[in-house]
Amino acid sequence: GTFTKLPAKFIFEVANILFDVTAASIVHADQIRSVLKEIFDIRQSKLRKSIDKLITDGYLYAKINYLQEIELANFRPILPHAFDYIQRLDEATEVAKLIVDRSIQQSSMSIPSSFNNSTF
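Just so it is clear, the structure is predicted and the values come from calculations on it, not from any experiment.

Asker: I'd like to hear about the overall build of the chain, residue by residue, with values.
Answerer: Along the chain, the regular secondary structure elements total 5 helices and 0 strands. Along its sequence from the N terminus, the chain presents helices and strands in the succession α-α-α-α-α. For the chain, whose C-alpha radius of gyration is 27 Å, the value lies well above the compact-globule estimate of 14 Å for 120 residues. Taking the principal axes of the C-alpha coordinates as reference, the chain spans close to 95 × 25 × 20 Å. Counting the 120 residues in the chain, one finds 17% classified as buried. Partitioning the intrachain contacts of the chain with sequence separation of at least 6 by distance along the chain shows that 75% fall at a separation of at least 24. Surface summary for the chain: the accessible area is close to 9800 Å², and the carbon and sulfur share equals 61%. Across the chain, the 14 positively charged side chains and the 14 negatively charged ones have centroids separated by 4 Å.

Asker: Kindly report on a nonpolar patch on the surface, identifying the contributing residues and their values.
Answerer: On the surface, Phe10, Val14 and Leu18 cluster together into a nonpolar patch covering about 260 Å² of accessible area. Considering the arrangement of structural elements, one finds Phe10 in the segment before helix H1 (11-22).

Asker: Just give me the short version of the packing of aromatic side chains, but keep the residues and values in it.
Answerer: A complete count under the given rule lists 1 aromatic pair for this structure. Measuring from ring centre to ring centre gives 5.0 Å for Phe12 and Phe40, while their planes differ by 75°; the resulting arrangement is edge-to-face. Of this pair, Phe12 sits in helix H1 while Phe40 sits in helix H2 (residues 29-56), placing them 28 residues apart in sequence. Taking NZ or CZ as reference, Lys46 lies 5.0 Å from the ring centre of Phe3, over its face.

Asker: Can you tell me about unusual backbone geometry, naming the residues and giving the values?
Answerer: Positive phi, close to 60°, is recorded for His28, a residue that is not glycine. A residue is classified by how much of its surface remains accessible, and His28, at 52% relative accessible area, is exposed.

Asker: Could you give an account of the nonpolar core, naming the residues involved and the relevant values?
Answerer: Residues Leu6, Ile11, Phe12, Ala15, Phe19, Ala29, Leu36 and Phe40 constitute the largest nonpolar core, which totals 8 residues. Broken down by secondary-structure element, the contributors of at least two residues to this core are H1 and H2. Broken down by element, the residue count for this core peaks at 4 residues, all from H1. Those residues in contact with Phe12 that lie beyond four places of it in its chain are Leu6, Leu36, Ile39, Phe40, Arg43, Gln68, Ile70 and Glu71.

Asker: Any chance you could break down the environment of Leu18 for me, citing the residues and the numbers?
Answerer: Along the chain, Leu18 turns up in helix H1. Counting along the chain gives 11 residues from Leu18 to Ala29, while the straight-line C-alpha distance between them is 9.8 Å.

Asker: Mind laying out the confidence of the model for the chain, listing which residues take part and the relevant values?
Answerer: With 90% of its residues at a pLDDT of 70 or more, the chain has an overall mean of 84. Element-level pLDDT for the chain is lowest in helix H5 (residues 113-117), with a mean of 56, against a maximum mean of 94 in H1.

Asker: Lay out H2 in plain terms, naming residues and giving numbers.
Answerer: Residues lying three or four places apart along an α-helix face the same way, a consequence of the helix completing one turn every 3.6 residues. With 28 residues, H2 extends 40 Å between its outermost C-alpha atoms, agreeing within 8% with the 40 Å of an ideal straight helix rising 1.5 Å per residue. Along H2, the residues that are buried comprise Ala29, Leu36, Phe40, Arg43, Gln44, Leu47, Ser50, Ile51 and Leu54. Residues of H2 that are buried make contact with H1, helix H3 (69-73) and helix H4 (78-109).

About the cut-offs
- Residues numbered from 1 in each chain as written.
- Predicted model: local features only at pLDDT ≥ 70, side-chain atom pairs only at ≥ 80, totals over all residues.
- Heavy atoms only, no water.
- Helix = DSSP H or I, 4+ residues; strand = E, 2+ residues; numbered from the N terminus.
- Rg over C-alpha atoms; globule rule 2.2 N^0.38 Å.
- Buried < 20%, exposed > 50% of the residue type's maximum accessible area, 1.4 Å probe, protein only.
- Contact = heavy atoms within 4.5 Å.
- Areas by Shrake-Rupley, 256 points an atom, 1.4 Å probe, with all protein chains shown as cover.
- Lys, Arg positive; Asp, Glu negative; His and termini not counted.
- Charge placed at Lys NZ, Arg CZ, Asp CG, Glu CD.
- Patch = residues over 30% accessible without salt bridge, like charges linked within 9 Å, V, L, I, M, F, W, Y side chains within 5 Å.
- Salt bridge = Lys/Arg side-chain N within 4 Å of Asp/Glu carboxyl O.
- Phe/Tyr/Trp six-rings, centres within 6.5 Å; stacked < 30°, edge-to-face > 60°.
- Lys NZ or Arg CZ within 6 Å of the ring centre and 35° of its normal.
- Core = buried A, V, L, I, M, F, W, Y, C linked by side-chain atoms within 4.5 Å.
- pLDDT = per-residue confidence, 0-100.
- Expected span 1.5 Å × (residues − 1).

In structure tokens, the structure reads:
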């Protein structure tokens, strides 16, 4: 998905600092804080969906424009683990397929010839 460019590079960090230091002097501080939180939450949800699609579709990289560092910080620790688990699952699936294929080959070779030529 495409992310909208925000008006300032560190808008969420700056806003948090301003609210911590001077919230009493900011007109409509609660409403502004609420709107910024909604924007952040919507973008986090969109990023979560984008990452899910990235992983589900098997992509190994993506280019996502206009994300801020703080937005990525929530997901950065999860991604390497997610890709590691996907790789392990893929490898286990391949091993399981090989085992099933060998089992089928061995069972087809062990059928007595009298059964192969008999008519019912």
